[in-house]
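# Observations on the three-dimensional arrangement
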Amino acid sequence: MSNIRKIGILGSTGSIGTQALDIIRKNPERYGVSVLSCARNIELLERQLKEFKPELAVTKEEKDARELSKKFPDTAFAFGEEGLKEAAALSENDLVLNSLVGMQGLVPTCSAIEAGTDIALANKETLVAGGDLVMKSAAEKGVKILPVDSEHSAVFQSLQGNECNPYRRIILTASGGPFRGFSRRQLEKVRLQDALKHPNWSMGNKITIDSATLMNKGLEVIEAHHLFDAPPEKIDVVVHPQSIIHSMVEYEDRAVMAQLGLPDMRVPIAYAFAYPERIPMEEKSLDLAELSQLTFEKPDREVFRTLDLAYGALATGGGACCTLNAANEELVAMFLREKISFTDIQDRLVDWMMDFAPVKADSLEDILELDRETRARIRETVRI
Ligand code: MG
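Residue numbers here run from 1 along each chain, matching the order of that chain's written sequence. In view of the model being predicted, local features appear only for residues whose pLDDT reaches at least 70, and side-chain atom pairs are presented and counted only at 80 or more, with totals across whole chains, interfaces and linings using the full set of residues. With hydrogens and water stripped out, all remaining heavy atoms of the structure feed into the side-chain values.

## Some remarks on the pattern of salt bridges
What makes a salt bridge here is a side-chain nitrogen of Lys or Arg within 4 Å of a carboxyl oxygen of Asp or Glu, nothing more. In total, this model carries 37 salt bridges according to the counting rule given. Close ionic contact of Asp 118 with Lys 144 constitutes a salt bridge, the shortest N to O distance being 3.8 Å. In this pair, Asp 118 is assigned in strand β6 (residues 118–121) and Lys 144 in the loop between α6 (124–141) and β7 (145–147), connecting sequence segments 26 residues apart. Any residue under 20% of the maximum accessible area for its type is buried, any over 50% is exposed, and the rest in between are partly exposed; the area is computed with a 1.4 Å probe on protein chains only. Accessibility expressed as a relative area gives 16% for Asp 118, which makes it buried. The class for Lys 144 is partly exposed, based on a relative accessible area of 43%. The closest approach of N and O atoms between Arg 169 and Asp 236, which form a salt bridge, is 2.7 Å. Numbering goes from the N terminus for both helices and strands, where a helix is a DSSP run of H or I of at least four residues and a strand is a run of E of at least two.

Here it is as structure tokens:
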């Protein structure tokens, strides 16, 4: 029997997907690829198909799947949402890496859980919108949800070996994004190209904008709540501009465990793949003397209001996190198309959440419905 673990990658041409394939490429004795999937970058997908020869490949459009199936007769092809569901549930998967962007990741996550396959989760929106449902069904099926988000991987690593020790507090670190220290007036002048420049991490557009508004940290607070069963009052956020400490856990004796490293997403990806083992990496070691200082500060919750929106949504419950996520996705998409300004994102979110009357959203159907309804209403109210 082969010891090679087959990984189904949902979102293989994005930032996380390509870095995951880099780990697989360097560790052929450990890993193979069962699924590749992408939306638009067909050229890159084609190169990946040639190199990794998966059982199944999924494209967004049917015509792309058709074209590619002629060139790769040994691979099965599927497309669209149904294709992603099929890919997540494929029996050849030993692990599914969900690196899809946004809400589209939720249904495939549920399919992988249904199939009993462990998930390396890079798609935080999945947990923000449907965290109760996802964690409950994962527990019922005995499926592990392994965090790929660097902060949550750091928390997960800092929790190891402490099963008998309840933690006192989770401390998520935030880089503060490109506009750390900005006043409201400065923030109003921000342009798209400024917001797309993250100081430490190179990532996809959606998460880069979320990092600039601090919404990413808000979503991560909600994500931590679900992953670690942490009440909101046990989750703190501290700004740490160097992004060397990836997050921390404080225990009852006030001992704080932290995970440090140079900002490189391959570390949390590899940890999720190999858990509880670690894979040797060739990259440069952390040199603290060279860095010379690590600094910390409180997040500016007056100028950046998104963090409080996330805590508020957690307190409200009943679909509030789902609607916050959906509204944010829509507004970020509008900003990326330069239809609204940077501060419009948070201002409209504040208005939206102020008017939100809690509704029940327990089932997958309820969550998807609330998501659709929110997007439609946001598009209407913004009137672009
Ligand atoms: Mg993160």
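## Focus: the domain arrangement of the protein chain
Throughout, the edges of the domains are those of an automatic or database domain assignment. Domain assignment breaks the protein chain into domain 1 (5–147) and domain 2 (152–316). The centre of domain 1, based on its C-alpha atoms, is set 25 Å off from the matching centre of domain 2. Defined here as a combined quantity, buried area equals the accessible surface (1.4 Å probe) lost by two parts on assembly, summed across both. When the two sides are added together, the surface that domain 1 and domain 2 hide from each other amounts to roughly 2,400 Å², 68% of it contributed by carbon and sulfur. Counting across the domain 1 and domain 2 interface gives 4 salt bridges. For Glu 220, the salt bridge is made with Lys 124, and the minimal N-O distance between the two is 2.8 Å. Polar contact is the term for a pair of N or O atoms within 3.5 Å; when the atoms are in protein, one must be able to donate a hydrogen and the other to accept it, and sequence-neighboring residues count only if both atoms are side-chain atoms. At the junction of domain 1 and domain 2, the tally comes to 8 residue pairs in polar contact (both at pLDDT 80 or more). Within the residue set of the side of domain 1 that touches domain 2, elements represented by two or more residues are β1 (5–10), α1 (15–26), β5 (95–98), α6 and β7. Looking at the side of domain 1 that touches domain 2 residue by residue, the classes come out as 16 nonpolar, 4 polar and 8 charged. Residue polarity is assigned by list, with Asp, Glu, Lys and Arg as charged and Ala, Val, Leu, Ile, Met, Phe, Trp, Tyr, Cys and Pro as nonpolar; anything else, Gly included, falls into the polar class.

## Brief notes about the coordination of the magnesium ion
Atoms of type N, O and S within 2.8 Å of a metal are treated as its donors, and for Na, K and Ca the window is 3.2 Å; water is not considered, so some sites may appear to be missing partners. Each protein donor to the magnesium ion is listed here as Asp 149 (OD), Glu 151 (OE) and Glu 220 (OE); together their distances run 2.0 to 2.1 Å. All donors to the magnesium ion come from one chain, and their sequence spacing reads D-x1-E-x68-E. On the criterion of sequence distance, the pair formed by Glu 151 in helix α7 (residues 150–159) and Glu 220 in helix α11 (residues 215–227) is long-range, its members being 69 residues apart. Looking at Glu 220, the relative accessible area reads 0%, which means it is buried.

## Details of the nonpolar core
If you look at the biggest cluster of nonpolar residues, it comprises 117 residues, and the most contacted ones within it are Ile 24, Leu 97, Phe 228, Phe 273, Leu 324, Phe 342 and Ile 345. With 9 residues, helix α15 (residues 320–336) is the single largest residue contributor to this core. Here this core spans two domains, and each of domain 1 (5–147) and domain 2 (152–316) adds at least three residues to it. Setting aside anything within four residues of it in sequence, one finds Ile 345 in contact with Ile 209, Thr 213, Asn 328, Leu 331, Val 332, Phe 335 and Ile 340. Residues belong to one nonpolar core when they are buried, are Ala, Val, Leu, Ile, Met, Phe, Trp, Tyr or Cys, and are joined through side-chain atoms within 4.5 Å. Here a residue-residue contact requires only that any non-hydrogen atoms of the pair lie within 4.5 Å.

## Points about empty space enclosed by the protein
The pocket and cavity definitions rest on a 1 Å grid over protein atoms only: a 1.4 Å probe that fits but cannot leave marks a cavity, an open set with protein on both sides within 12 Å along at least five of seven lines marks a pocket, and residues lining either have an atom within 4 Å of a point. Grid points are joined across faces, edges and corners, and a volume is the space filled by probe spheres set on the points. Summed over the entire model, instances satisfying the criterion amount to 1 cavity of 30 Å³ or more. Space inside the largest cavity adds up to approximately 30 Å³. Along its surface, the largest cavity is lined by Leu 187, Thr 213, Phe 304, Phe 342, Thr 343 and Gln 346. Among the elements that take part in the lining of the largest cavity, helix α16 (residues 342–355) stands out by supplying 3 residues, more than any other. Of the residues assigned to the lining of the largest cavity, the class counts are 3 nonpolar, 3 polar and no charged.

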